[in-house]
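Letter by letter, the chains look like this.
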Amino acid sequence: MFNMDCKFLLIAMCFILSVPASDSVLRGGSSLSVENPDDILISPNRVFSAGFYPVGENAYSFAVWFSKPSCTNNCTVVWMANRDFPVNVWSTGTDSISPAELRLNNTGNLVLQDTDDAVLWQSFNSPTDTLLPLQPFTRYTQLVSARSYINSSTGFYKLIFDDNNLMRLIYDGPEVSSVYWPYPWLQDWDGGRTPYNSTRIASYDLLGEFTSSDNWNFLAADYGSRLQRRLKIDSDGNVRMYSREEGISSWIVSWQSKSQLCEIHGICGPNSACFYDPVYGRNCSCLPGFKIKNPADWSYGCEPKFNISCENREETSFIKLEHVEFFGNDAGFYNQNVSLEMCKKYCLELCSCKGFQYRYIVNTPEPYCYPKMLLMNGQRAPNFGGDFYVKVPKTFLVSDEETASGFGLQCSNHIVILDRTYAKVSQDETVQAVLWLACALAGVEIITVVFVWCFLIKSNEATESYNPAGAGFRRFTFSELKKATKNFSQEIGRGAGGIVYKAVLFDDRVAAIKRLNIANQGEAEFLAEVSTIGKLNHMNLIALWGYCAEQKHRLLVYEFIEHGSLTENLSLNTLDWQKRFEIASGAARGLAYLHEECLEWVLHCDVKPQNILLDSNYQPKVSDFGLSKLLSRGDRNLNHSIFSKIRGTRGYMAPEWVYNLPITSKVDVYSYGIVVLEMITGKSPAIGETEHKGLVTLVRDKKKEADGETPWIESIVDPNLEGKYDEDRMESLVGLALQCVEEDRDARPSMSRVVEILLHHQIYN
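Residue positions are given per chain, counted from 1 along the sequence in the order it is written. The model is predicted, so local features are restricted to residues of pLDDT at least 70 and side-chain atom pairs to those at 80 or more, both for listing and for counting; the totals for chains, interfaces and linings are taken over all residues. Heavy atoms from the whole structure form the basis of all side-chain values; hydrogens and water molecules are not counted.

A. Inspection of the packing of aromatic side chains at higher detail. For Phe, Tyr and Trp, rings pair up if their centres lie within 6.5 Å, where Trp contributes its six-membered ring, and each pair is then called stacked (planes under 30 degrees apart), edge-to-face (over 60) or tilted (otherwise). The tally for this structure, following the rule as stated, stands at 27 aromatic pairs. With 5.4 Å between their ring centres and 45° between their planes, Tyr157 and Tyr171 make a pair best called tilted. With Tyr157 in strand E12 (residues 151-161) and Tyr171 in strand E13 (residues 167-172), the pair connects residues that are 14 residues apart, well separated along the chain. Summarising the burial analysis for this pair, Tyr157 and Tyr171 share the class buried. On the basis of an interplanar angle of 50° and a centroid distance of 4.9 Å, the ring pair of Phe210 and Trp216 is categorised as tilted. Partly exposed describes any residue whose relative accessible area lies between the buried limit of under 20% and the exposed limit of over 50%, with all areas from a 1.4 Å probe on protein chains only and scaled to the type maximum. A relative accessible area of 10% means that Trp216 is categorised as buried. Through a chain of ring-to-ring contacts, three or more aromatic side chains come together here, namely Trp181, Tyr204, Phe210, Trp216, Phe218 and Trp255. Strands here are runs of E lasting at least two residues and helices are runs of H or I lasting at least four, both read from the DSSP assignment and numbered beginning at the N terminus.

Written as structure tokens, this is what we have:
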């Protein structure tokens, strides 16, 4: 479908001639040429441009890109007609046989239509790797990733509607193909999806709400704002929604399908494993006894440096790789009193077996044995409760210097560059010589950049301006932070978890350094938690810039928030009604993200005004999240408490803590409701004899005392607001807060429902 559409566009373009560059329509006139940079179409709102876009040395593809703010050769491309077959000159010189015109609309849709406005072709029906707002995604379309972030040719990852009417992400590699999102072991209806709608259509609006016929819906982190937006399947196989304000060149990630990048299939190729380092990002390593197959491209994985004979089983052994998992390609599984030695025997007896997984599964007393026929989709994760045993010759164990401990860091930032250099039809020899010299210098420069990037930075393959652990996320030394804080001299906050100091980093960024009271925590456990927290990315969560784990020291480096905590601002009377409502909305969005939008289920367990910080625009940033407890999504419906002790702050704690009931995300909902009541009334939650119910009881009693005629809201509202608030919206906010603090946790709304209610009032009131 895509190739046919592209050919149709190319043929149709041969009969259409261009108009001046500032026009959004291509009609009769002069030719369109790559020689003239001004030969482009510009949408009426000047947000999008279309024309020949450089993809290599003297190689061009016809594309549509964001041109507001203005850009040159580093623009954000949203559609490309011929990304696998670039051209070096595309011009027309004939009259139109059938009158038609090519029009670039304000939505970014490139439309070919006749004089009766009948659409002959449109780019919205043939997307490449990007979906724009209001662009329909159907059974007939798919998003296909680029090969790498500098190589726009077709990659290995696809977003499609499958035959069961569900939207899925697929790795379609050189050797195998597999589904990796949603998790392939889930049933079709798990996660609230439904396969019973055969329309197969999805789209998202200008405010950032995505809806799909399979009931997969989500809200962008900055939902409600009219921003430039795009949904893209990146070259690393992750689908992300990007947004930015007009006039700002950098994009932020407002949603992503996968927060654990190593779970994406094919990311490191066969016979290798992916692991995430909190400093350097995603990395790939060959298994012991294997070497990289193509140093220019990790997707081809690794190949063995040995041969194993099926006849001589006595000469074969295994190397244990702790916390390493390979998904799929099982030759079967065994779990009936199977020992480690029995599992080894099964693999030895099977000639095609490359190794085996040996692990315990949650709530099962017996281990599982999974012999593997192929070693694909490998990853190493500290929290994985199993090990992998790779099959190798015994001679390898004694002759090769590699061991399991040598299974570690290797640079995974090899860059694949598509050959896109085309000779022009006629060139002066002198000009040609100059061009060759320029190419040679450019080649040297590229090699130098790649070398420095790979061996000095060792970062994950860049995706736009996005880094899963945040730009600049790094490991600091204790001496660096001691110097930055002037020997921890300027204290700006403290709590049960530690003391916070103001600091100025070496690059002049102002930071907040939290010195944790967990000196006895092991470094591996600490790094695992930091890795997860560092990957969380939301406009209403405080950004983690780095950490320190040195000897007994455990420190976290956060962005510094200008206006301090909500507690301070309430006491200083700096918050009017509108600011308080926006703080309630923003804090709800941040908590909803922690509960439902990231792949690690993060309970805050200590939501209170001291942990809600306000930036220069008084936008809330929830802080101190992730240190209480990190759970996998599969543990959401636990029937017992997984906490060894009560957590939180008196006055904000849900009844579950007191009555030793199961702890769920509803404990954060309760605490959030108390915070909202405190913002409304200006009163501390501990105002009555019963500390746990003081503020809630006060508000409920005032509501009961109302006779239906006398306004009761004004009797509880903070006098500092001086009556300047929207009474209807205030009453709705009070009602919502009272729902959040219901004794029965099942009667409380989820944080995502809270967000929906607040956004409804924000937009329609």
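Alright, that's what it looks like, and here's the rest.
B. Region of the structure containing unusual backbone geometry. With an omega of 5°, the peptide bond between Lys68 and Pro69 qualifies as cis. With respect to the helices and strands, the residue Pro69 is situated in the loop between strand E4 (59-66) and strand E5 (77-80). Residue Trp181 is joined to Pro182 through a cis peptide bond whose omega torsion reads -5°. Inspection of the secondary structure assignment puts Pro182 in the loop between strand E14 (177-181) and strand E15 (201-204). In this structure, Asn329 is a non-glycine residue whose phi angle is positive, near 60°. Despite not being glycine, Gln551 shows a phi value in the positive range, around 55°. Position of Gln551 relative to the elements: it lies in the loop between strand E35 (544-550) and strand E36 (553-559).

C. Quick peek at the sheet that holds E5. Pairing within the open sheet is antiparallel, and its four strands lie in the order E2-E3-E4-E5. Taken across any chain shown, the strands that pair with only one partner, and hence form the sheet edges, are strand E2 (41-42) and E5. The rule for pairing is simple: two strands pair if DSSP sees at least two bridges between them. Relative to E5, E4 is paired through three bridges, and the arrangement is antiparallel. Residue pairing across strands places Trp65 opposite Val77, the latter belonging to E5.

D. Spatial organisation of a negative patch on the surface. A cluster of acidic side chains, namely Glu714, Asp726, Glu727, Asp728 and Glu731, defines a negative patch on the protein surface. The partly exposed category is assigned to Glu731, whose relative accessible area is 39%. Within this analysis, patches are made of residues with over 30% relative accessible area and no salt bridge. Like charges are joined at 9 Å or less; nonpolar side chains (Val, Leu, Ile, Met, Phe, Trp, Tyr) at 5 Å or less. Each accessible area is a Shrake-Rupley result for a 1.4 Å probe, and residues are judged covered by the shown protein chains and nothing else. A carboxyl oxygen of Asp or Glu within 4 Å of a side-chain nitrogen of Lys or Arg is what we treat as a salt bridge. Counting rule applied: Lys, Arg positive; Asp, Glu negative; His and chain ends not counted. Charged groups are reduced to one reference atom each: NZ for lysine, CZ for arginine, CG for aspartic acid, CD for glutamic acid.

E. Summary view of the sheet that holds strand E27 (residues 355-360). An order of E25-E30-E27-E28 is seen for the four strands of this open sheet, with the pairing classed as antiparallel. The strands lining the two open edges of the sheet, one partner per strand, are strand E25 (316-322) and strand E28 (367-372). Across the sheet, the mean angle from the axis of one strand to that of its neighbour is 25°, orientation sign disregarded. Two elements, E25 and strand E30 (residues 386-393), share seven bridges in a ladder whose sense is antiparallel. Following the sheet pairing, Ile319 is matched in E30 by Val390. The contact definition used throughout considers only heavy atoms, calling two residues in contact when any of these lie within 4.5 Å. To get an axis, a line is fitted to the C-alpha atoms, and for a helix only the part in contact is used. The angle between two axes follows their N-to-C directions and goes from 0 to 180 degrees. In this fold helix H2 (residues 340-349) packs onto E25, E27, E28 and E30, with an angle of close to 155° to the strand it touches most, E27.

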